Amino acid sequence: EAGVTQFPSHSVIEKGQTVTLRCDPISGHDNLYWYRRVMGKEIKFLLHFVKESKQDESGMPNNRFLAERTGGTYSTLKVQPAELEDSGVYFCASSQVRQGYGEQYFGPGTRLTVT
Amino acid sequence: ILNVEQSPQSLHVQEGDSTNFTCSFPSSNFYALHWYRWETAKSPEALFVMTLNGDEKKKGRISATLNTKEGYSYLYIKGSQPEDSATYLCAFIRGGGADGLTFGKGTHLIIQP
């Protein structure tokens, strides 16, 4: 069974540019999560999809971040325009079970550097 | 605001020794606690999902306990091996339907041969 995949693995962009990160969850996992880790800080929750619906987007930092999951399969996270403080590692995770009982399977992350 | 605290921040252990570290979380409105093992440049890997007070889980040489009333969990590694070197993360889920994990900063474990 393939794990969670993320693309690209690393992205370097200039301040003001746009970047789109992609996440492919494990097949059959309805729950998809985005997290971010800024250097030196803990991993922080951004949002949660159940199929194509946003279940919880309380962690999204501001309206420069847009997440989509059309068709309930893969998801994209767009940052537009990027700012320096957006640099960090963006993780995607998926799970089959809701309500916190099921483990979340993480991808390797996309390292975003904004210069 | 939820605070998940992990201690120590880093730990150097001699190969063969046993070790343990702590995760503290809010004791009110508890739902679940997750432990993850994370090696740099790899995906965080789930170790345990714990939900019941007094729960104890084991996977090989690694085990964990949970005290939801006082808000802490311990992770134990018996007979540390170099491959145990990693950052160990705990993450809390509160009751109320939100499934997003609230992580601590992790304990960075280095096993010295």
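Right above here is the structure, for reference.
These numbers were taken from a predicted model, which means no experiment stands behind them.

### Some details on the overall build of chain B
Secondary structure assignment for chain B yields zero helices and 11 strands. Counting from the amino terminus, helix and strand elements in chain B follow one another as β-β-β-β-β-β-β-β-β-β-β. In terms of overall size, chain B behaves like a compact globule, its C-alpha atoms giving a radius of gyration of 14 Å where 113 residues would be expected to give roughly 13 Å. Over its C-alpha atoms, taken along the principal directions, chain B stretches across nearly 45 × 30 × 20 Å. Looking at chain B as a whole, 50% of its 113 residues are labelled buried. Taking as baseline every contact in chain B between residues at least 6 positions apart, the subset at least 24 positions apart corresponds to 54%. Carbon and sulfur atoms provide 46% of the accessible area of chain B, an area that totals close to 5400 Å². In chain B, the 10 positive side-chain charges and the 11 negative ones have mean positions that sit 3 Å from each other.

### Description of the packing of aromatic side chains
In total, this model carries 17 aromatic pairs over all chains according to the counting rule given. Between tyrosine 35 of chain A and phenylalanine 45 of chain A, the ring centres sit 5.9 Å apart and the planes meet at 70 degrees, which makes this aromatic pair edge-to-face. Taken together, the residues tyrosine 35 of chain A in strand S4 (residues 31-37) and phenylalanine 45 of chain A in strand S5 (residues 43-50) connect sequence positions 10 residues apart. No difference in accessibility class separates tyrosine 35 of chain A from phenylalanine 45 of chain A, as the two residues are buried. An aromatic cluster is defined as three or more aromatic residues linked by ring pairs; in this entry it consists of Tyr33, Tyr35, Phe45, Phe91 and Phe106 of chain A together with Tyr36, Trp38 and Phe103 of chain B. The ring centre of tyrosine 74 of chain A lies 3.8 Å from the NZ or CZ of arginine 22 of chain A, which sits over that ring.

Calculation notes
Residues numbered from 1 in each chain as written. Chains lettered and ligands numbered in written order. Predicted model: local features only at pLDDT ≥ 70, side-chain atom pairs only at ≥ 80, totals over all residues. Heavy atoms only, no water. Helix = DSSP H or I, 4+ residues; strand = E, 2+ residues; numbered from the N terminus. Rg over C-alpha atoms; globule rule 2.2 N^0.38 Å. Buried < 20%, exposed > 50% of the residue type's maximum accessible area, 1.4 Å probe, protein only. Contact = heavy atoms within 4.5 Å. Areas by Shrake-Rupley, 256 points an atom, 1.4 Å probe, with all protein chains shown as cover. Lys, Arg positive; Asp, Glu negative; His and termini not counted. Charge placed at Lys NZ, Arg CZ, Asp CG, Glu CD. Phe/Tyr/Trp six-rings, centres within 6.5 Å; stacked < 30°, edge-to-face > 60°. Lys NZ or Arg CZ within 6 Å of the ring centre and 35° of its normal.

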